[in-house]
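# Chains, contacts and geometry: an overview
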Amino acid sequence: MVTPVIETRELTYTYPDGTRALRGINIKLTAGQKIAVLGSNGAGKSTLFLHLNGILRPQGGKVLFRGSEIRYHQRDLLALRKNVGIVFQDPESQLFSASVLQDVTFGPINLGLPQNEALTAAKEAMRQTGITNLESRPTHFLSYGQKKRVSIAGVLAMEPAVIIFDEPTACLDPGMALKTMALLDELSRQGKAIIMSTHDVDRAYDWADYVYLLQDGGVIGEGEPQHVFLRQDWLDRCDLKCPIVVETYLELTASGLLPVNMPVPRNKQELFQNIRNASPASAPLLKTVRHG
Amino acid sequence: MLLIDHYAYSNKLSTVHPGEKFIFFVATVTICLALNSLATSLAVILLTGAAVILLARVPWQVYLKLMLLPASFLVVGVLTVAVTFTRNEGEFIWAVQLGSFTAGVTPGGLEFAGKMFLRSLGAVSCLYFLALTTPVTQMVGVLRWLRIPSLVIELMVLIYRFIFILLETAGHIYTAQSSRLGYRNVRTGFHSFSQLVLSLFVKSYRQSQTVYDALLARCYDGRLNFVEAKYRWSWVNIALIIAADGALTACWLIAGGV
Ligand SMILES: Nc1ncnc2c1ncn2[C@@H]1O[C@H](COP(=O)(O)OP(=O)(O)OP(=O)(O)O)[C@@H](O)[C@H]1O
Ligand SMILES: [Mg+2]
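Bear in mind the structure is a predicted one, so any value in this text is a computation, not a measurement. (Residues numbered from 1 in each chain as written. Chains lettered and ligands numbered in written order. Predicted model: local features only at pLDDT ≥ 70, side-chain atom pairs only at ≥ 80, totals over all residues. Heavy atoms only, no water.)

We now examine the confidence of the model for chain B. For chain B, per-residue confidence averages 85 on the pLDDT scale, and 98% of positions sit at 70 or higher. Confidence estimates for the predicted assembly give a pTM of 0.77 and an ipTM of 0.71. (pLDDT = per-residue confidence, 0-100.)

See below:
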């Protein structure tokens, strides 16, 4: 079995004001994996993420990086943070430099790269996030979505092995959201492990290959999306709705239009294909409608 | 503050080497302060004004408004210098008798006040030139080049950023309050304002903590390292600066130090 890049065991954390944010969390992430973390507001997603990068120190349980436990000395932490990048939920908290270029190069320079290499890395990250034209703009005159992309670029430029995205598509326009998701796919193809939190079940269903459902600081369900999103009881506990693909599939099998033993389609395209295959009589009809 | 910052980034001189702008600033402000003369001060004001409006293309209305601000302060300050109180007879241009005192304006006092006013305004206009054409990011480069301790520079960068966070947060809170009638009359106004101050403090504190966390997440080790954009010195500009400041000094010599 492959060693997970990051793993948490029985992680617990209580904020100084007594809020019990995490109550024994176990998650695992291997290279190239795409994980979605879902849960209602205040479920503990952001708190969990802050542990994966060593910002918060667990009060119980442990975090393992490449199989070895993190010991929270300076050296361990630095090694962890080099390899695990986190894009914060609120870009405001991540941007602090006066100009976009400076902010994106901040991480690479901290890694010890010489100026010209840091610049190259930053330029590449800015190209990937589509913010090359914002290069010399001051960070405080950017729109929210632009700030979000700058904060993503700031992490990409460090080329970490694991990237954590806390609600990457919140407040982005639909086009930009799609581009961001495509970027996440591209990163995972490069072999990076990616964790994303989101409230968008359709997006999570399409994108993830493993899903964790968080509620009240605990994992109440996990598994492959086709499995997790069929568990209406889990979804109810997290106040999540069923992804539209799964809902349509359930409706079609229930009404006999699709065979009951058919596996759950992975995405919209698969669902449409299934519909076309299942009703051979209507297939040419569909085609004529398209062409007409 | 915000207005100046806006033009600092968008003006037509923003791509010029910050060192050149800094040298122009230092040379001109030195001339203005050292050669205490009406003509020179006036020339400095016109020169920097022309540079800001014609070269940097900052709208003249904006520049005028910005200049009026310190000018109004200066007028008040200079008035007290212009007016002389005395028991003795003297040549007054204009005077009132207050008991055994005479309060009035003497030609000497007037000249002194005029000189002081224009000299201060000249210095301010130089400062405006620098502030309106040089964004903070470039200033940092200049300060580094001047070997200012990095601690000071880092503080400056962070404070600069936090000022905007503070202003923005205050703006958000204010909007949120007034959209729910928080400022409909004096009483609710006072109440809202006190809440604004309090939550601004708490929020800024939280914000500064998360900013610190985010810094840590990107391997911050107690030193803020930045790349600096490379600018090229332009000999034409240097020549222009020497010519302009030379002309200022020459004018002063020819005018005989008036
Ligand atoms: N700095 C803090 N101090 C005290 N309590 C906190 C702090 N940050 C978060 N909490 C609390 O911890 C719990 C988990 O918060 P967290 O931010 O992890 O939720 P989340 O799942 O990210 O929610 P969202 O979807 O709204 O982003 C919440 O009850 C929250 O009120
Ligand atoms: Mg969150």
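This part takes up the sheet that holds strand β5 (residues 68–69) of chain A. Residue and element names in this part refer to chain A. Strands sit in the order β2-β1-β4-β5 across an open sheet of four strands; the sheet is antiparallel. Of all strands in the sheet, those bounded by a partner on one side alone are β2 (20–29) and β5. Bridge analysis of strand β4 (residues 60–65) against β5 gives two bridges, and the strand direction is antiparallel. Within β5, the position partnered with F65 by the bridge is S68. Strands β1 (6–14), β2 and β4 of the sheet are contacted by helix α1 (residues 45–52), whose axis makes an angle of about 60° with β2. (Pairing = 2+ DSSP bridges. Helix = DSSP H or I, 4+ residues; strand = E, 2+ residues; numbered from the N terminus. Contact = heavy atoms within 4.5 Å. Axes fitted to C-alpha atoms, helices over the stretch in contact; angles between N-to-C directions.)

A few words now on the pairing of strand β3 (residues 34–39) of chain A. All names here are of chain A. For β3, the buried fraction is high: six of the six residues fall into the buried class. Here β3 shows no split at all, with K34, A36 and L38 on one side and I35, V37 and G39 on the other all buried. As paired strands, β3 and strand β8 (residues 193–198) are joined by five bridges and run parallel to one another. Within β8, the position partnered with I35 by the bridge is I195. (Buried < 20%, exposed > 50% of the residue type's maximum accessible area, 1.4 Å probe, protein only.)

To continue, consider helix α8 (residues 186–217) of chain B. Residue pairs spaced three or four apart in an α-helix point in one direction, given the helix's 3.6 residues per turn. With 32 residues, α8(B) extends 45 Å from end C-alpha to end C-alpha; this agrees with the ideal 46 Å at 1.5 Å per step. The complete set of buried residues in α8(B) reads B:T188, B:G189, B:S192, B:L196, B:L200, B:S204, B:Q207, B:V211, B:A214, B:L215, B:L216 and B:A217. The secondary structure elements touched by the buried residues of α8(B) are α2 (74–83), β6 (84–87) and α3 (100–110) of chain A together with α7 (150–179) of chain B. Directly after α8(B), the chain includes B:C219, whose backbone phi takes a positive value near 65°. (Expected span 1.5 Å × (residues − 1).)

Near ligand 1 lie 16 residues; those nearest to it are A:G42, A:G44, A:K45, A:S46 and A:T47. More than one chain reaches ligand 1: its neighbouring residues belong to chains A and B. Within the side chain of A:K45, an N or O atom sits 2.7 Å from an oxygen atom of ligand 1. Take A:T47: an N or O atom from its side chain is 2.5 Å from an oxygen atom of ligand 1. Starting from 640 Å² of accessible surface for ligand 1 in isolation, the protein chains cover 70%. Counting atoms within 2 Å of the grid points, the majority share of ligand 1 lands in the largest pocket. Broken down by element, the residue count for the shell around ligand 1 peaks at three residues, all from α1(A). A breakdown of the residues in the shell around ligand 1 according to their chemical character gives three nonpolar, nine polar and four charged. (Near = heavy atom within 4 Å. Polar contact = N/O pair within 3.5 Å; in protein donor to acceptor, adjacent residues only side chain to side chain. Areas by Shrake-Rupley, 256 points an atom, 1.4 Å probe, with all protein chains shown as cover. 1 Å grid on protein atoms, 1.4 Å probe; cavity = no way out; pocket = protein on both sides within 12 Å on 5 of 7 lines; lining within 4 Å. Sits in = over half its atoms within 2 Å of the grid points. Nonpolar A, V, L, I, M, F, W, Y, C, P; charged D, E, K, R; others polar.)

Attention shifts here to the packing of aromatic side chains. Under the counting rule described, the total for this entry stands at ten aromatic pairs over all chains. With centroids separated by 4.8 Å and ring planes inclined at 70°, the aromatic side chains of B:F24 and B:F129 adopt a geometry described as edge-to-face. Of this pair, B:F24 sits in helix α2 (residues 18–34) while B:F129 sits in helix α5 (residues 107–133), and the two are 105 residues apart along the sequence. Each of the two residues, B:F24 as well as B:F129, counts as buried. Considering the side-chain rings of B:Y174 and B:Y183, the 4.7 Å spacing of their centres and the 35° angle between planes classify their relative orientation as tilted. You can call B:Y183 partly exposed: its relative accessible area is 25%. Members of the aromatic cluster, joined through ring pairs, are A:F106, B:Y212 and B:Y220. Across the ring face of A:W234, the terminal group of A:R231 is positioned such that the distance to the ring centre comes to 4.2 Å. (Phe/Tyr/Trp six-rings, centres within 6.5 Å; stacked < 30°, edge-to-face > 60°. Lys NZ or Arg CZ within 6 Å of the ring centre and 35° of its normal.)

This next bit is on the coordination of the magnesium ion (ligand 2). Residues and elements named next belong to chain A. Looking at the magnesium ion (ligand 2), one finds its protein donor set to be S46 (OG) and Q89 (OE1), positioned 1.9 to 2.2 Å from the metal centre. On the criterion of sequence distance, the pair formed by S46 in helix α1 and Q89 in the loop between β6 and α3 is long-range, its members being 43 residues apart. Residue classification places S46 among the partly exposed residues on the basis of a relative accessible area of 27%. When its relative accessible area of 32% is taken as the criterion, Q89 is described as partly exposed. (Donors = N, O, S within 2.8 Å, 3.2 Å for Na, K, Ca; no water.)

Turning next to the interface of chain A and chain B. On the side of chain B, 28 residues touch chain A, which itself brings 33 residues to the contact. Buried surface at the junction of chain A and chain B, summed over both partners, amounts to about 3,000 Å²; 62% is from carbon and sulfur atoms. Taking the shortest distance from any N to any O, the salt bridge between B:E168 and A:K147 comes out at 3.5 Å. Counting across the interface, chain A meets chain B through three residue pairs in polar contact (both at pLDDT 80 or more). Secondary structure elements with two or more residues in the side of chain A that touches chain B: α2, α3, α4 (115–128) and α5 (144–156) of chain A. Take the side of chain A that touches chain B: its biggest share by element is seven residues, from α3(A). (Buried area = accessible area lost by both parts, 1.4 Å probe. Salt bridge = Lys/Arg side-chain N within 4 Å of Asp/Glu carboxyl O.)

Turning next to the nonpolar core. All names here are of chain A. Within the largest apolar cluster, 50 residues are counted, with the highest numbers of intra-cluster contacts made by L38, F165 and L213. With five residues, the single largest contributor to this core is α5. Residue-level mapping places this core at the junction of two domains, with at least three residues from each of domain 1 (6–242) and domain 2 (243–292). Not counting residues within four places of it along the chain, the set of residues in contact with F165 comprises F49, V87, I152, L184, L187, I194, I195, M196 and S197. Judged by nonpolar contacts, the second largest core, of 35 residues, contains I6, I27, L50 and I55. (Core = buried A, V, L, I, M, F, W, Y, C linked by side-chain atoms within 4.5 Å. Domains from an automatic or database assignment.)

Residue and element names in this part refer to chain A. Pairing in this open sheet of six strands is mixed, and the strands run β6-β7-β8-β3-β9-β10 from one edge to the other. The open sheet terminates on both sides in strands that have one partner only, identified here as β6 and β10 (218–223). Looking at each pair of strands side by side, their axes are set apart by 20° on average, direction ignored. Sheet topology places strand β7 (residues 162–166) next to β8; five bridges connect them, and they run parallel. When the bridges of β8 are listed, V162 appears paired with A193.

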